[in-house]
Number of protein chains: 2
Amino acid sequence: MSKDALLHGPGPTNAPPALPDGGLRVVALGGIGEVGRNMTVFEYEGRLLIVDCGVFFPEDDQPGVDLILPDFRAIEDRLEDIEALVLTHGHEDHIGAVPFLLRLRPDLPVYGSRFTLALLAAKCKEHKQRPTLIEVREGERRDLGVFGLEFFAVNHSIPDGLAVAIRTPAGLVLHTGDIKLDQLPLDNRLTDLAGFARLGDEGVDLFCVDSTNAEVPGFVTPERDIGPVLDDVISQVDRRVIVACFASHVHRVQQVLDVAQAHGRRVAFVGRSMVRNMGIAVDLGLLQVPEGLLIDLDQAANLPESKVLFVSTGSQGEPLSALSRMARSEHRQISIRAGDTVVLASSLIPGNETAVFGVVNGLIRLGANVVHQGNAKVHVSGHASAGELLYLYNAVRPSNVMPVHGEWRHLRANGELAVRTGVDPRNVVIAEDGVVVDLIDGQATVTGRVEVGHVYVDGLSVGDVGESTLSDRLVLGEGGFLAINVVVDSSTGRAVSPPTVSGRGFSDDPKALDAVLPLVEMELSRTESEGITDPHRIAQSVRRVVGRWVAETYRRRPMIVPTVIPV
Amino acid sequence: MSKDALLHGPGPTNAPPALPDGGLRVVALGGIGEVGRNMTVFEYEGRLLIVDCGVFFPEDDQPGVDLILPDFRAIEDRLEDIEALVLTHGHEDHIGAVPFLLRLRPDLPVYGSRFTLALLAAKCKEHKQRPTLIEVREGERRDLGVFGLEFFAVNHSIPDGLAVAIRTPAGLVLHTGDIKLDQLPLDNRLTDLAGFARLGDEGVDLFCVDSTNAEVPGFVTPERDIGPVLDDVISQVDRRVIVACFASHVHRVQQVLDVAQAHGRRVAFVGRSMVRNMGIAVDLGLLQVPEGLLIDLDQAANLPESKVLFVSTGSQGEPLSALSRMARSEHRQISIRAGDTVVLASSLIPGNETAVFGVVNGLIRLGANVVHQGNAKVHVSGHASAGELLYLYNAVRPSNVMPVHGEWRHLRANGELAVRTGVDPRNVVIAEDGVVVDLIDGQATVTGRVEVGHVYVDGLSVGDVGESTLSDRLVLGEGGFLAINVVVDSSTGRAVSPPTVSGRGFSDDPKALDAVLPLVEMELSRTESEGITDPHRIAQSVRRVVGRWVAETYRRRPMIVPTVIPV
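Cut-offs applied
- Counting restarts for each chain: residues are numbered from 1 in the order of the written sequence.
- Here every chain gets a letter starting at A, and every ligand a number starting at 1, in the order they are written.
- Per-residue local features are limited, in this predicted model, to residues with pLDDT of at least 70; the limit for side-chain atom pairs, both in listing and counting, is 80 or more; totals at the level of whole chains, interfaces and linings are taken over all residues.
- Values reported for side chains reflect all heavy atoms of the structure, with hydrogen atoms and water molecules removed beforehand.
- Domain start and stop positions are those given by an automatic or database domain assignment.
- Here, residues are in contact when the closest pair of their heavy atoms is within 4.5 Å.
- Using a 1.4 Å probe, buried area is obtained as the accessible area two parts lose upon being combined, added over both of them.
- Any carboxyl oxygen of Asp or Glu that lies within 4 Å of a side-chain nitrogen of Lys or Arg is treated as forming a salt bridge with it.
- Note on conventions: DSSP H or I runs of at least 4 residues are helices, E runs of at least 2 residues are strands, and numbering of each starts at the N terminus.
- Polarity classes work like this: nonpolar for Ala, Val, Leu, Ile, Met, Phe, Trp, Tyr, Cys and Pro, charged for Asp, Glu, Lys and Arg, and polar for all others, with Gly in that last group.
- A helix is expected to reach a length of 1.5 Å times the quantity of its residues less one.
- Buried means the residue's accessible area, taken with a 1.4 Å probe over protein chains only, is under 20% of the maximum for its type, while exposed means over 50%, and partly exposed covers the values in between.
- By construction, the arc corresponds to the directions joining the helix axis to the C-beta atoms.
- Strand pairing follows a simple DSSP-based rule, namely that at least 2 bridges must link the two strands.
- Structural elements are reduced to axes, namely lines fitted to C-alpha atoms, with helices fitted over the stretch in contact, and the angle between N-to-C directions of any two is expressed from 0 to 180 degrees.
- The aromatic pairing rule takes the rings of Phe, Tyr and Trp, using the six-membered ring of Trp, and pairs them if the centres are within 6.5 Å, calling planes under 30 degrees apart stacked, those over 60 edge-to-face and the rest tilted.
- Cation placement over rings: the criterion is NZ of Lys or CZ of Arg within 6 Å of the ring centroid and within 35° of the ring normal.
- When the strands point away from the viewer, a crossover counts as right-handed if the route from the first strand across the helix to the second turns clockwise.
- To line up the copies, we fit them by least squares on C-alpha atoms, keeping just the residues with pLDDT of at least 70 in both.
- Surface patches are defined over residues having more than 30% relative accessible area and no salt bridge, joining like charges when they lie within 9 Å and nonpolar side chains (Val, Leu, Ile, Met, Phe, Trp, Tyr) when within 5 Å.
- Accessible surface is estimated by sampling points in the Shrake-Rupley manner with a 1.4 Å probe; for residues, cover comes only from the protein chains shown.
- UniProt positions are given in the numbering used here, feature names are shortened, and annotations may be inferred rather than shown by experiment.
- An angle counts as roughly parallel when it lies under 35 degrees, as roughly antiparallel when it exceeds 145, as roughly perpendicular when it falls between 65 and 115, and as oblique in every other case.
- The hand of a helix crossing depends on one turn: near helix anticlockwise from the far one by less than a right angle means left-handed, and clockwise means right-handed.
- What pLDDT expresses is the predictor's confidence in each residue, scored from 0 to 100.
- Throughout this description, a polar contact denotes any pair of N or O atoms lying within 3.5 Å of each other; where both atoms belong to protein, one of them has to be capable of donating a hydrogen while the other can accept it, and for residues adjacent in sequence the pair is counted only when both atoms sit in side chains.

Caption draft 1: Just the domain arrangement of chain A, in detail. Assigned domains within chain A: domain 1 (21–218 + 381–451), domain 2 (223–371) and domain 3 (467–566). Here domain 2 of chain A and domain 3 of chain A have C-alpha centroids that lie 53 Å from each other.

Pasting the structure below:
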């Protein structure tokens, strides 16, 4: 069989067969074929184990949506079959949807490391939930019903990450979570490659591997190499410094604090999530803060410019974040001045470029100097590059591989790396969300598909905004609408008052719609003369006339909304 | 004066003073502070000369807009003062708005090189215009009234680019247009650095310089180095090859054709603009096509897969382009198959990442191998990097510098390069769109600002879609709308039929609005009991009630559109 046949293809459309006795089933309800909302369900002998439950942040074609959840339909009739939820680490795309799963099953036991659970607890508090949290740590084993779990330390861009091995009689699965192999990690907590190798000796039947950076050749630079770069940047300036980074990146912040301390600058945290997460990190001993280093914004305002450093949210150009407000001169406490230095110590997540560069341009326009990964090595990725993934494959020597956490381009690249280390191409399954993989007699096979759609959270409500609403929003967002209101005599169909035509999102010109009113009136005369009294038929006629007029006159496609009220 | 003081700041808000006799005024109506819609107006002794007149492609916060034009208001009362329009090259961001300027002044003489004018002529034909086109070439001089022009060859990502020197008694200006310094250009037409140096000897008073790549260190790889990479990619595959690139990049296409020829593949052009532009390039002798190389799509379908190569549009993920259709399995003639190789021989323009990666993922999912600038050197930029810009500054040795063609980050970086070559920081003017720069007695100074806004083209109409319409579209696109229709007795204010509440883009749930109707009815009873008969006041009350309900119930902000019809 050629390699081609396995590393592509939208896969099956059939519902999966019943899972044979002794087989293990794996289905991702999110996170494969996309970067975000990671959630993988393992099933053995009727029991379910879930790894991660994250959110996805909406894209341009999903307007007005706050969050996208994994699709729980495949498990919502089997909530009591779920043995546990295991969290690999505390990023939003791995824990963000937990409160929504807990709404369905409030007593679900949630396993994770200390920092992961602390972040989850803060999140659940906002949702007024009191989840059952069970702390585990690397090296530990837990038997949860039919599932034997073992946890391994992994290094990532957030402290306290775990990989999880899952033992059942069907075989041994290893799920990396998000992972990289920094060989000089700031906290000296290495990814446990030795442990993975030991599992490899035992025989890993299915290896689920982070695909994010599979396309990137080589190795990720150690996190600790950023420190000297930050030191160099900050040593050259005698005005204010603002460093923006992810609010969960404790090791990045640690290095910023160390550099600030070395240069006699005091530090203020800016942005709600930064303040909250760093508080948690200090409490857990993950962030070391020298006595007296931290100040608040009022204190910062009273210090000389050369003695202040801000650590801020907003590195992705989020419009409501502290840094975006500064760039628009809308932050209440910090006004950017000529000579300020702003460091974006962060990645540039694809899709965020316009927003991030908008912030950069705004800051520069106000006179700031902006340092970012494009002009200085102030960021390294949290995900293993191809070179590191090869180490993983060679340590684990898996029988079957299932790339996770990535778009198609990442999954394919990851699968190809597996093949290059000797994994049989027939044993590499690229299983996008919903594709069912069964591990039977040591062979992973795609056997079917369950339905997986996008579940949108908009405001307080989950799931009532669907594709039809989004499609209406796209039409309205592109062209606005024209509303035509007609009151007719219900027995004759005659208009009892002049029709009104108005538009929103159509034109700034108050006369833009003048010409359409006579056409509507003519059409109403016609429907009346034909004896049409059904409001729906009258509305259809009006929609047709107005739609044709606007297409011919403006070549635009606003939504046409006729309302015919019989009295 | 510190460098800070000149390289930043939003600049003045005052209207400019009258231009003194003997002074030269420069105002960009587009293209500075943004990448796109380049248009610079030069004024001397009451006469105007315009360099370029391009379009800008809208961003996320400008929904439904097709194009954005430079703001002509500053010149629309002075159309007869315009001596000429000079075009530096044929890209859309330099020529795309010409038909809209010609609507105001149909007899405006337009100067440009042969290929530039050929592309413009094709565009004007679509607009049913017959412009006055005057062909010029490098080395040529033209006296247009008070303006003495001299043209210089420049190398860019489209053939036949020109820089223009403008001589008036106020001084000598050199405008680069878009430029790079490929020292081994495919057509052997070098950027005329020697000519620039000669101008430098004469004394350049104001140097307007392309800023696009000023942040990028070093030098752009020669275009011709792409040929061997393409050769290497294509020599390794025996299935179909599809190369996507810009439809105006004649030299890129030339290299693709040469490689196809070398490997015995015949070539079909895909996409309307590719077919049109390459036809023009062949006619003008800019593209050399071996006899019998080109075939059409039907012929391609009948050849073995190893004998075919397609050259396609769609390298930026444009949703309607040929390549996007292929990625969605919607192209009528080309279905992507496992083993196809797709080469994106193109840049990844910031803001287009999501669209481009969407296409890449779609192609990979269908089994194609995708080669792009992230995994092979199949693209080089058309704009000078910092190293090349230093050559330009050192050749020209200008007295004053005005960075053009860039966002703030590019402009600032370009200005800093000028300073590093010895230009006095006080003589570097960062003049975003509308900022007025006067060159008087050899000194360029910012003297004021004219109003420059965004002029939107939507469908057939220009300018009637403005900020208020866009702001409505953004609201509608995020949250849809709720329409409440009420018919009231005009003398009593009593509702004569039950009010209706409906929503679009709000919810998929048919019961989502059930609870609001009683609230509206209650509010109508209240307004009636208070004797309120004014439809506007009734509508306001209804809007308030519904708005509050939806905010509390859903935490959403749809547009609330009450219509109260008195009968």
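Caption draft 2: Spatial organisation of the interface of chain B and chain A. If you look at the interface, chain B gives 71 residues, while chain A gives 71 residues. Carbon and sulfur atoms supply 52% of the area that chain B and chain A bury against each other, a total of about 5800 Å² over both sides. In this assembly, chain B and chain A are joined by eight salt bridges. Between Asp472(A) and Arg504(B) there is a salt bridge whose closest N-O contact spans 2.9 Å. Among the secondary structure elements, those contributing two or more residues to the side of chain B that touches chain A are helix H11 (353–365), helix H13 (408–420), helix H14 (467–479), strand S23 (481–488), helix H16 (535–554) and strand S25 (559–566) of chain B. No other element matches H14(B), which puts nine residues into the side of chain B that touches chain A. When its residues are assigned to classes, the side of chain B that touches chain A shows 23 nonpolar, 24 polar and 24 charged.

Caption draft 3: Summary view of helix H15 (residues 516–529) of chain A. Residues and elements named next belong to chain A. With 14 residues, H15 ought to run about 20 Å at 1.5 Å a step, and its terminal C-alpha atoms sit 20 Å apart, in line with that. What H15 keeps buried is the set Val516, Val520, Glu523, Leu524 and Thr527. Down the axis of H15, the smallest arc covering the buried residues is 105°, so these residues share one side. Turned more than 90 degrees off the buried face of H15, the exposed positions are Met522 and Ser529. Against the buried residues of H15 lie strand S23 (481–488), strand S24 (500–504) and helix H16 (535–554). Looking one or two residues beyond H15, the residue adopting positive phi is Gly531, at roughly 75°.

Caption draft 4: Quick peek at the sheet that holds strand S2 (residues 39–44) of chain B. All names here are of chain B. Pairing is mixed across the open sheet formed by eight strands, whose spatial order is S7-S6-S5-S3-S2-S1-S19-S20. One side of each edge strand has no neighbouring strand; the edge strands of this open sheet are strand S7 (132–135) and strand S20 (443–449). For this sheet, the mean inter-axis angle between neighbouring strands, taken without regard to orientation, is 25°. Where strand S19 (residues 435–440) lies against S20, six bridges are found, and the strand directions are antiparallel. The residue of S20 that forms the bridge with Ile440 is Gln443. Its contacts with the sheet put helix H4 (residues 114–126) on strand S6 (109–112) and S7, and the angle it makes with S7 is roughly 165°.

Caption draft 5: Examining the sheet that holds S23(B) more closely. Residue and element names in this part refer to chain B. Taking strand neighbours across the sheet as the criterion, the three strands line up as S24-S23-S25 in an open arrangement whose pairing is mixed. Of all the strands in the sheet, just strand S24 (500–504) and S25 have a single pairing partner and so form its edges. For this sheet, the mean inter-axis angle between neighbouring strands, taken without regard to orientation, is 20°. With five bridges connecting them, S23 and S24 associate as antiparallel partners. Bridge pairing in S24 links Ala483 to Ser502. Against the sheet, H16 contacts S23 and S25, and its axis sits at roughly 150° relative to S25.

Caption draft 6: Molecular detail of the packing of aromatic side chains. Per the stated rule, a full pass over the model turns up 11 aromatic pairs over all chains. Considering the side-chain rings of Phe219(A) and Tyr391(A), the 5.9 Å spacing of their centres and the 75° angle between planes classify their relative orientation as edge-to-face. Within this pair, whereas Phe219(A) is found in the loop between strand S12 (206–210) and helix H6 (226–235), its partner Tyr391(A) is found in helix H12 (residues 386–396), the two being separated by 172 residues in sequence. Here a set of aromatic residues connected by ring pairs shows up, and it is made of Phe506(A), Trp549(A) and Tyr554(A). The ring of Phe506(A) has Arg556(A) sitting right over it, with the charged end atom 5.3 Å from the ring centre. Directly above the aromatic system of Phe357(A) lies the positively charged group of Arg409(B), at a separation of 3.5 Å from the ring centroid.

Caption draft 7: Region of interest: the pairing of S12(A). All names here are of chain A. Counting buried residues along S12, five of its five residues qualify, which places the element largely inside the surrounding structure. Alternating residues of S12 divide into Leu206, Cys208 and Asp210 and Phe207 and Val209, and every residue in both groups is buried. Two strands pair when backbone bridges link them, and strand S11 (residues 171–175) and S12 are joined in this way by three bridges, in the parallel orientation. Within the sheet, the bridge partner assigned to His175 lies in S12 and is Cys208. Considered for its hand, the β-α-β crossover made up of S11, helix H5 (residues 193–202) and S12 is right-handed.

Caption draft 8: Examining the relation of the copies chain B and chain A more closely. Under the fitted operation, chain B is carried onto chain A by 0.0 Å of movement along the axis and a turn of 180°, and the coordinates agree to an RMSD of 0.1 Å. The transformation just described matches what one would write down for a two-fold rotation axis. When C-alpha distances to the rotation axis are compared across chain B, the minimum falls at Gly477(B), with a value of 1.9 Å. The share of interface residues of chain B whose copies in chain A are also at the interface is 100%, consistent with both copies meeting through the same surface.

Caption draft 9: Representation of a nonpolar patch on the surface within the structure. On the surface, Val496(A), Val567(A), Val496(B) and Val567(B) cluster together into a nonpolar patch covering about 260 Å² of accessible area. Within the element layout of this structure, Val496(A) appears in the loop between S23 and S24. Accessibility expressed as a relative area gives 38% for Val496(A), which makes it partly exposed.

Caption draft 10: The arrangement of the UniProt feature "binding site: substrate" (unreviewed entry) in chain A in detail. All names here are of chain A. UniProt annotation of "binding site: substrate" (unreviewed entry) refers to Ala247, Ser248, His249, His379, Val380, Ser381, Gly382 and His383 when read in the numbering used here. Look at Ser248 and you get buried, because its relative accessible area is 12%. Topologically, His249 is positioned in the loop between strand S13 (241–244) and helix H7 (250–262). You can call His249 buried: its relative accessible area is 6%. Each residue touching His249, except ones within four places of it in the same chain, is listed here: Ser157, Glu223 and Met278.

Caption draft 11: Representation of the pairing of strand S9 (residues 147–154) of chain B in the model. All names here are of chain B. Most of S9 is tucked away, with eight of its eight residues classed as buried. With burial as the criterion, each face of S9 is covered, one bearing Phe147, Leu149, Phe151 and Ala153 and the other bearing Gly148, Glu150, Phe152 and Val154. Here four bridges tie strand S8 (residues 141–144) to S9, and the two strands are oriented antiparallel to one another. Residue pairing in the sheet places Leu144 in a bridge with Phe147 of S9.

Caption draft 12: Molecular detail of the UniProt feature "binding site: Zn(2+)" (unreviewed entry) in chain A. Residues and elements named next belong to chain A. Within the UniProt annotation, "binding site: Zn(2+)" (unreviewed entry) is assigned to His89, His91, Asp93, His94, His156, Asp178 and His405. These annotated residues cover 317 residues of sequence, but their C-alpha atoms sit close together, with the largest distance between any two at 13.8 Å. Tracing the backbone shows His91 in the loop between strand S5 (82–86) and helix H2 (92–95). Relative accessible area serves as the criterion here: at 16%, His91 is assigned to the buried category.

Caption draft 13: Quick look at the packing of H4(B) against helix H8 (residues 272–283) of chain B. Residue and element names in this part refer to chain B. It is at 10 Å that the axes of H4 and H8 come closest, and there the two elements cross at 135°. With respect to each other, H4 and H8 are oriented oblique. Classified by chirality, the crossing of H8 by H4 is right-handed. Of the residues in H8, those touching H4 at Phe115, Ala118, Leu119, Ala122 and Glu126 are Arg272, Arg276, Asn277, Ile280 and Ala281.

Caption draft 14: A look at the confidence of the model for chain A. Residues and elements named next belong to chain A. On average, residues of chain A score 95 in pLDDT, and 98% of them are at 70 or above. Below pLDDT 50 for its whole length, residues 1–5 participates in seven contacts with residues either more than four positions away or in separate chains. As a predicted assembly, this complex carries a pTM of 0.93 together with an ipTM value of 0.90.

Caption draft 15: Local environment of the environment of Glu330(B). Residue and element names in this part refer to chain B. In this structure, Glu330 sits in the loop between helix H10 (322–327) and strand S16 (341–344). The class of Glu330 is partly exposed, set by a relative accessible area of 45%. A polar contact of 3.0 Å, which involves the side chain of Glu330, links it to the side chain of Arg328.

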